[in-house]
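Examining the three-dimensional arrangement
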Amino acid sequence: MRKKRLGVIGVGSAGILSLVHFCTWLGNDWEVVSIHNPDKPILGIGESTNGGFVALLEKGTHFALGRKEDLEELDATLKFGSRFKNWREHNWLNPLLDGNTAIHFNSFNFKDFAHRRLTKLWPEKFRVMEGDVKSLDSLPHKVVVEIDGRKEDFDYIIDCMGYPQDLSQYVMSDCTPVNRCIIHNMKDYDLEYETDHIATRNGWMFGVPLISRKTYGYMFNDTITTVEDAKKDMCDILGVDEVDGKEYLFKCYYTEKMIEGRICKCGNKAMFFEPLVANSIFLYILGIRMFFDHIIENAPVAELNRRYAEAIQEMEDVISYYYKGGSIFDTPFWDFATQKCAERMEKRERFKQLCTHYANLKAQGVMNYGPTYAFSPLTWEIVDEQMGYDSFASADAPAPAMSGAPN
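Here we summarise the structure given alongside this text. (Residues numbered from 1 in each chain as written. Predicted model: local features only at pLDDT ≥ 70, side-chain atom pairs only at ≥ 80, totals over all residues. Heavy atoms only, no water.)

A closer look at the overall build of the protein chain
Broken down by element type, the protein chain carries 10 helices and 22 strands. Over its C-alpha trace the protein chain gives a radius of gyration of 22 Å, about what one expects of a compact globule, namely 22 Å for 407 residues. In the protein chain, which comprises 407 residues, the share counted as buried stands at 55%. Look at the contacts in the protein chain between residues 6 or more apart in sequence, and 74% of them connect residues 24 or more apart. For the protein chain, the distance from the average position of its 46 positive side-chain charges to the average position of its 59 negative side-chain charges is 5 Å. (Helix = DSSP H or I, 4+ residues; strand = E, 2+ residues; numbered from the N terminus. Rg over C-alpha atoms; globule rule 2.2 N^0.38 Å. Buried < 20%, exposed > 50% of the residue type's maximum accessible area, 1.4 Å probe, protein only. Contact = heavy atoms within 4.5 Å. Lys, Arg positive; Asp, Glu negative; His and termini not counted. Charge placed at Lys NZ, Arg CZ, Asp CG, Glu CD.)

See the structure below:
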């Protein structure tokens, strides 16, 4: 009997997570095929994760946080949260989306690590196919993939081929006031098991510690701050004479059609947001799981697409939520950011309902019974207290109904 075939195109973080998930949960009557062009580079920077990332690796690759060689293979360090500096007069540790332990890892190492583990653990189903994908054709009963001039048939495809060339079919997000990032790597640094989120005069800067180096990314808006001024500020903060200078100009966007026919978009093909609190990897894993539910349980596409877009919109609110209260800096950027994001959040009715709902539950002493809205209720409570927003102050009105199961 012919095995069913699922192809995953691309070996960036989204592609590898897709392979790990489907090797873990599909039976040996499937082939899970990693399709990639070895000559095509991935983005390749240090990445910060949340607990769901580690949980998936544990199941699919037998990765273990306590095994030193596993961390070394991924050039990885432990992560216990995100340290927010200069957003308020005090510094504080932002907890993870779910749980309290994750990792920082080197995305350059991820493909080789996963391919080696998946080949060993899932030999009956895992395959690798090298070549450049030229086209995808989703038909009623299969997907035809053109790879280096030959055509291959698959039952389903996960498209992780990176940024779309045409964004006309995507929703452009207004959730963030930044649009550009400058990268700098430092080999000598003091290791702390957390991701830096350092507010600056012109935006904020992340710091992702790896075993081999620490990657910094200076986020700013190039319509307010020049690249030269951003680089100078970055040099001053890090105490260096110059920075590496690799730059990324970006737009935030997402698809409302994660699944179309027999193809699922994942990674940057589905969405892109700035890296505040490592939001993207959570959404990668959510989309992968939803596609699995469609394949195995015949979950309806329209409902899955609606739920996925809703989850993305919750993450949009998280991003705007951090900016809306400003930082310790009184600068043109922060004037712009606070006004833009505060005005946006005033229009977010679902978030307002959440705040009222949490306030009533908190007054009853059972806030953790509330639904997850991007964050778990406990994380929302901690973050809101540290940011000084008082969003969940006691309310007398009855709590409105909110979708989602108790946490």
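Quick word on the sheet that holds strand β1 (residues 4-9)
Strand order in the open sheet formed by 6 strands is β8-β2-β1-β12-β21-β20, with mixed pairing between adjacent strands. The open sheet is flanked by β8 (126-130) and β20 (259-260), the only strands paired with a single partner. Both β20 and strand β21 (residues 263-265) contribute to a ladder of 2 bridges, which runs antiparallel. Looking at the pairing, Ile 259 lines up with Cys 264 of β21. Those strands touched by helix α1 (residues 13-25) are β1, β2 (30-36), β8 and β12 (156-159), and its axis lies near 170° from that of β2. (Pairing = 2+ DSSP bridges. Axes fitted to C-alpha atoms, helices over the stretch in contact; angles between N-to-C directions.)

Some details on the packing of α1 against helix α6 (residues 279-297)
Two elements in contact, α1 and α6, have axes whose closest approach is 10 Å; the angle formed by their N-to-C orientations is 40°. With respect to each other, α1 and α6 are oriented oblique. As α1 packs across α6, the resulting crossing turns out to be right-handed. On the side of α1, the interface is formed by Ser 13, Ala 14, Leu 17, Ser 18, His 21, Phe 22 and Trp 25, while α6 contributes Ile 281, Tyr 284, Ile 285, Ile 288, Arg 289, Phe 291, Phe 292 and Ile 295. Among the residues making up the contact of α1 with α6, the classes are represented as 11 nonpolar, 3 polar and 1 charged. (Parallel < 35°, antiparallel > 145°, perpendicular 65-115°, else oblique. Left-handed = near helix turned anticlockwise from the far one by under 90°. Nonpolar A, V, L, I, M, F, W, Y, C, P; charged D, E, K, R; others polar.)

Quick word on the sheet that holds strand β9 (residues 133-138)
With antiparallel pairing, 3 strands are arranged side by side in an open sheet as β9-β10-β11. The outermost strands of the open sheet, each flanked by one partner alone, are β9 and β11 (150-154). Neighbouring strand axes in the sheet, compared pairwise and without regard to direction, differ in orientation by 20° on average. By the bridge criterion, 5 bridges tie β9 to strand β10 (residues 143-147) in an arrangement that is antiparallel. Note that in β10 the partner of Val 133 across the bridge is Ile 147.

Some points on the state of the cysteines
The tally for this structure, following the rule as stated, stands at 0 disulfides. Summary of cysteine pairing: Cys 160 is not part of a disulfide, and the nearest cysteine sulfur, belonging to Cys 266, is at 4.5 Å. Residue Cys 160 is classed as buried on the basis of its relative accessible area of 11%. Free of any disulfide, Cys 175 has its nearest cysteine sulfur in Cys 252, 5.0 Å distant. (Disulfide = S-S within 2.5 Å.)

Some details on a nonpolar patch on the surface
Where nonpolar side chains cluster on the molecular surface, the patch consists of Phe 80, Leu 93, Leu 191 and Tyr 193 and spans about 330 Å² of accessible area. Mapped onto the fold, Leu 191 is located in the loop between β14 (180-186) and β15 (195-200). The exposure class assigned to Leu 191 is partly exposed, which follows from its relative accessible area of 39%. (Patch = residues over 30% accessible without salt bridge, like charges linked within 9 Å, V, L, I, M, F, W, Y side chains within 5 Å. Areas by Shrake-Rupley, 256 points an atom, 1.4 Å probe, with all protein chains shown as cover. Salt bridge = Lys/Arg side-chain N within 4 Å of Asp/Glu carboxyl O.)

A short note on the pattern of salt bridges
Per the counting criterion, the structure on display carries 35 salt bridges. Between Lys 214 and Asp 196 there is a salt bridge, and its shortest N-O distance comes to 2.6 Å. A residue pair is termed long-range when its members are at least 10 positions apart, and Lys 214 in strand β17 (residues 214-220) and Asp 196 in strand β15 qualify at 18 residues. Lys 265 is paired through a salt bridge with Glu 260; the nearest N and O atoms lie 2.7 Å apart. Using a relative accessible area of 14% as the deciding quantity, one classes Lys 265 as buried. Among the ionic contacts, a cluster of salt bridges with common partners joins Arg 5, Glu 31, Arg 127, Arg 150 and Glu 152.

Details of the packing of helix α2 (residues 51-61) against helix α4 (residues 107-121)
When two helices pack together, their arrangement is captured by the angle between the axes and the distance separating the axes. With their axes 9 Å apart at the nearest point, α2 and α4 run at an angle of 40° to one another. Classed by the angle they form, the pair α2 and α4 counts as oblique. Contacts between α2 and α4 involve Phe 53, Leu 57, Gly 60 and Thr 61 on the former and, on the latter, Phe 110, Phe 113, Arg 117, Leu 118 and Leu 121. Partitioned by chemical class, the residues of the contact of α2 with α4 number 6 nonpolar, 2 polar and 1 charged.

Regarding the environment of Val 32
In this fold, Val 32 is placed in strand β2. You can call Val 32 buried: its relative accessible area is 0%. For the pair Val 32 and Lys 251, spaced 219 residues apart in the sequence, the C-alpha separation amounts to 32 Å. Contact partners of Val 32, with chain neighbours within four places excluded, come to Leu 6, Leu 19, Phe 22, Cys 23, Leu 26, Lys 125, Phe 126 and Arg 127.

Some thoughts on the nonpolar core
Buried together is how nonpolar side chains tend to be arranged in soluble globular proteins. Among the nonpolar cores identified, the biggest contains 101 residues, and Leu 6, Phe 22, Trp 87, Tyr 322, Tyr 323 and Trp 380 are the most heavily contacted of them. No other element matches helix α7 (residues 301-323), which puts 11 residues into this core. Discounting chain neighbours no more than four positions away, the residues touching Tyr 322 are Phe 84, Trp 87, Trp 92, Asn 94, Leu 276, Val 277, Phe 375, Val 383, Met 387 and Tyr 389. In this structure, Ile 182, Met 205, Phe 220 and Ala 230 belong to the second largest nonpolar core, which totals 13 residues. (Core = buried A, V, L, I, M, F, W, Y, C linked by side-chain atoms within 4.5 Å.)

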